[in-house]
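# Descriptive analysis of the structure
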Amino acid sequence: ERTDFISYYHHIIDRFEMHTPKGIHLQRELPKGNYNVWMDKDKMTQVLDNIISNAIKYSPEGGTIKLGVEHKRHHLLISIQDQGMGIAYDKVDKIFERFYRADKARTRKLGGTGLGLAIAKELVEAHHGQIWAKSKEGKGTTIYFTLPLMNQKRRGA
Ligand code: ATP
Ligand code: MG
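In this text, all values refer to a predicted model and were calculated from it rather than measured experimentally.

## Brief notes about the overall build of the protein chain
A tally of regular secondary structure across the protein chain gives 4 helices and 7 strands. Along its sequence from the N terminus, the protein chain presents helices and strands in the succession β-α-β-β-α-β-β-α-α-β-β. Here the protein chain has a C-alpha radius of gyration of 16 Å; the compact-globule value for 157 residues is 15 Å, and the two agree. Its C-alpha atoms give the protein chain principal-axis dimensions of roughly 55 × 30 × 25 Å.

Structure (structure tokens):
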């Protein structure tokens, strides 16, 4: 359905803030105004839950997670940046594969099946968006994805 992405995203972040562990701070960098996207809210919530949960899971105590949205010409660019352990450069692209877990020894105790990002990728692509990651070991990880904007000004509609 047609959704104002920014107000929807504020609600998602509000919900996370109520029970964010480890003194982690969620920093919003969201534009003001209306940006309408056509989306399945339940599925988009699954995408964001997966990505933000990972950012929390792999963040250090007291870390900051930046939640950004930028308006590009025909789409929104959503970014979730953490200050966690990061991912080796040769493994970054593999994290979207089913059952892939970057560091078995280290991630075993953090739990999970390795399906979260594979599902997120499928769902983002079903919305005609793209998803990718940038990461630096020891510095942190940023997950990016895009969502096409609907025609913004249909006056009188
Ligand atoms: P699940 O999401 O199914 O509970 P998971 O979190 O292990 O399990 P994915 O979300 O698919 O699986 O992530 C795949 C792997 O990518 C993770 O196991 C982890 O190694 C790595 N990864 C994902 N997000 C981050 C992040 N923010 N920082 C560091 N590593 C990450
Ligand atoms: Mg996950």
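## A look at the pairing of strand E2 (residues 25–29)
Little of E2 sits inside the fold, with 0 of its 5 residues counted as buried. Examined bridge by bridge, E2 and strand E4 (residues 64–71) share 5 bridges and lie parallel to one another. Each residue of the ladder has a partner; that of His 25, found in E4, is Thr 64.

## Here we look at the packing of helix H2 (residues 41–57) against helix H4 (residues 116–126)
One can describe the packing of H2 onto H4 by two numbers: an axis separation of 9 Å at closest approach and a directional angle of 145°. The handedness of the crossing between H2 and H4 is left-handed. Seen from H2, the contacting residues are Lys 43, Gln 46, Val 47, Asn 50, Ile 51 and Asn 54; seen from H4, they are Gly 116, Leu 117, Ile 119, Ala 120, Leu 123 and Val 124.

## Looking at the sheet that holds strand E5 (residues 75–81)
Here we have 5 strands laid out as an open sheet, ordered E2-E4-E5-E7-E6, and mixed in their pairing. Pairing within the sheet leaves two strands with one partner each, and these edge strands are E2 and strand E6 (131–136). Taking the axes of each pair of neighbouring strands and ignoring which way they run, one obtains an average angle of 15° across the sheet. Relative to the sheet, helix H1 (residues 5–17) contacts E2, E4, E5 and strand E7 (140–148), its axis offset from that of E2 by approximately 170°.

## Regarding the site of ligand 1
Around ligand 1, the surrounding shell holds 22 residues, and the nearest of these are Tyr 58, Ala 102, Gly 112, Gly 116 and Leu 117. Elements represented by at least two residues in the shell around ligand 1 include exactly H2 and H4. The class makeup of the residues in the shell around ligand 1 is 10 nonpolar, 9 polar and 3 charged.

## Side note on unusual backbone geometry
Positive phi values are uncommon outside glycine, yet Lys 22 reaches one of about 60°. On the secondary structure map, Lys 22 appears in the loop between H1 and E2. Lys 22 sits in the exposed class, given 11 other C-beta atoms within 10 Å. One non-glycine residue, His 128, lies in the positive phi region at around 65°.

## Here's the deal with the environment of Met 18
Summarising the element assignment, Met 18 is placed in the loop between H1 and E2. Judged by the 6 C-beta atoms lying within 10 Å of it, Met 18 falls in the exposed class. Put simply, Met 18 and Leu 67 are 49 residues apart on the chain and 16 Å apart in space, counted from C-alpha to C-alpha.

So, how was this worked out
Residues numbered from 1 in each chain as written. Chains lettered and ligands numbered in written order. Predicted model: local features only at pLDDT ≥ 70, side-chain atom pairs only at ≥ 80, totals over all residues. Helix = DSSP H or I, 4+ residues; strand = E, 2+ residues; numbered from the N terminus. Rg over C-alpha atoms; globule rule 2.2 N^0.38 Å. Buried ≥ 20, exposed ≤ 12 C-beta atoms within 10 Å, placed from the backbone. Pairing = 2+ DSSP bridges. Axes fitted to C-alpha atoms, helices over the stretch in contact; angles between N-to-C directions. Left-handed = near helix turned anticlockwise from the far one by under 90°. Contact = placed C-beta atoms within 7 Å. Near = placed C-beta within 6 Å. Nonpolar A, V, L, I, M, F, W, Y, C, P; charged D, E, K, R; others polar.

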